[in-house]
Amino acid sequence: MKLAIVYSSISGNTEELAHMIMEQFKLKGLDIACYRVEDFPLHLLPTFDGLLIGTYTWGDGEVPLEMIPLQTQLNSRSWEHLITGVFGTGDSFYPKFCGAVNAFRDSLKDKTNLAVTLKVELLPQESDMGRIATFVDRIIERMSILA
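These numbers were taken from a predicted model, which means no experiment stands behind them.

Draft legend 1. Summary view of the overall build of the protein chain. Secondary structure assignment for the protein chain yields four helices and five strands. Here the C-alpha radius of gyration of the protein chain, 14 Å, is about what a compact globule of 147 residues would show, namely 15 Å. Over its C-alpha atoms, taken along the principal directions, the protein chain stretches across nearly 40 × 35 × 25 Å. Counting only residues that meet the buried cut, the protein chain has 46% of its 147 residues in that class. If you take every contact in the protein chain between residues at least 6 apart in sequence, the share linking residues at least 24 apart comes to 75%. Counting only carbon and sulfur atoms, one obtains 53% of the accessible surface of the protein chain, whose full area is about 7200 Å². Charged side chains of the protein chain number 13 positive and 19 negative; the gap between the two group centres comes to 6 Å.

Given below as structure tokens:
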């Protein structure tokens, strides 16, 4: 199966989380491509079996502007074959902790085969590794069901 991580990061926290997730897939023997959202070729979206979206939260819980084209493309039609997961980092000081993760989750649950979400407080820590491994395992489980 063809998998991709597409992320946006302003502080480096979500980028670090994306790389930690990618390493977990590699430890499981799976190949996964990793793209900054600006570098992701949207026209290739139909060629992927799995898409993991990583986002920080902007303003009052909004999806960052650079993620809107991806979100719009995903909302443009049904992608039942596409297994998705959403992850992000945020600061629980704000009332809408990881609000962009919730926004993507809500828009993907009816358009894709949404498997899992993951929210991490600020910079991912070693203590988050169990939750990261569970995130990866849920994607793999969903892929094996459809294989």
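Draft legend 2. Structural view of unusual backbone geometry. Even without being glycine, Cys 98 reaches a positive phi, approximately 55°. Here Cys 98 lies in the loop between strand S4 (79-90) and helix H3 (99-108). Judged by relative accessible area, Cys 98 falls into the buried class, the value being 1%.

Draft legend 3. The arrangement of the side chain of Ser 9 in detail. The residue Ser 9 is located in the loop between strand S1 (3-7) and helix H1 (13-27) in this model. Overall, Ser 9 belongs to the buried group, its relative accessible area being 9%. Among the polar contacts listed, one links the side chain of Ser 9 to the backbone nitrogen of Gly 12, at a separation of 3.0 Å. Only 3.2 Å separates the side chain of Ser 9 from the backbone nitrogen of Glu 15, close enough to count as a polar contact. Excluding residues that lie within four positions of it along the chain, Ser 9 makes contacts with Thr 14, Glu 15, Arg 36 and Tyr 56.

Draft legend 4. Layout of the sheet that holds S1. On the basis of which strands lie adjacent, the open sheet formed by five strands has the order S2-S1-S3-S4-S5 and parallel pairing. In this open sheet, the two edge strands, each paired with only one partner strand, are strand S2 (33-36) and strand S5 (112-121). For this sheet, the mean inter-axis angle between neighbouring strands, taken without regard to orientation, is 15°. Relative to strand S3 (residues 50-56), S1 runs parallel, the two sharing five bridges. Residue pairing for S3: Leu 3 is matched across the bridge by Gly 50. Packing against the sheet, helix H2 (residues 68-75) makes contact with S1, S3 and S4, and its axis sits at approximately 140° to S3. Contacting S1, S3, S4 and S5, helix H4 (residues 129-146) runs over the sheet at an angle of about 175° to S5.

Draft legend 5. View of the pattern of salt bridges. According to the stated counting rule, one finds seven salt bridges in the structure shown. Where Asp 106 meets Lys 109, a salt bridge forms, and the shortest distance between an N and an O atom there is 4.0 Å. Note on Lys 109: relative accessible area 49%, which makes it partly exposed. Salt bridges sharing common partners tie together Glu 15, Arg 36 and Glu 38.

Basis of the calculations
- Residues numbered from 1 in each chain as written.
- Predicted model: local features only at pLDDT ≥ 70, side-chain atom pairs only at ≥ 80, totals over all residues.
- Heavy atoms only, no water.
- Helix = DSSP H or I, 4+ residues; strand = E, 2+ residues; numbered from the N terminus.
- Rg over C-alpha atoms; globule rule 2.2 N^0.38 Å.
- Buried < 20%, exposed > 50% of the residue type's maximum accessible area, 1.4 Å probe, protein only.
- Contact = heavy atoms within 4.5 Å.
- Areas by Shrake-Rupley, 256 points an atom, 1.4 Å probe, with all protein chains shown as cover.
- Lys, Arg positive; Asp, Glu negative; His and termini not counted.
- Charge placed at Lys NZ, Arg CZ, Asp CG, Glu CD.
- Polar contact = N/O pair within 3.5 Å; in protein donor to acceptor, adjacent residues only side chain to side chain.
- Pairing = 2+ DSSP bridges.
- Axes fitted to C-alpha atoms, helices over the stretch in contact; angles between N-to-C directions.
- Salt bridge = Lys/Arg side-chain N within 4 Å of Asp/Glu carboxyl O.

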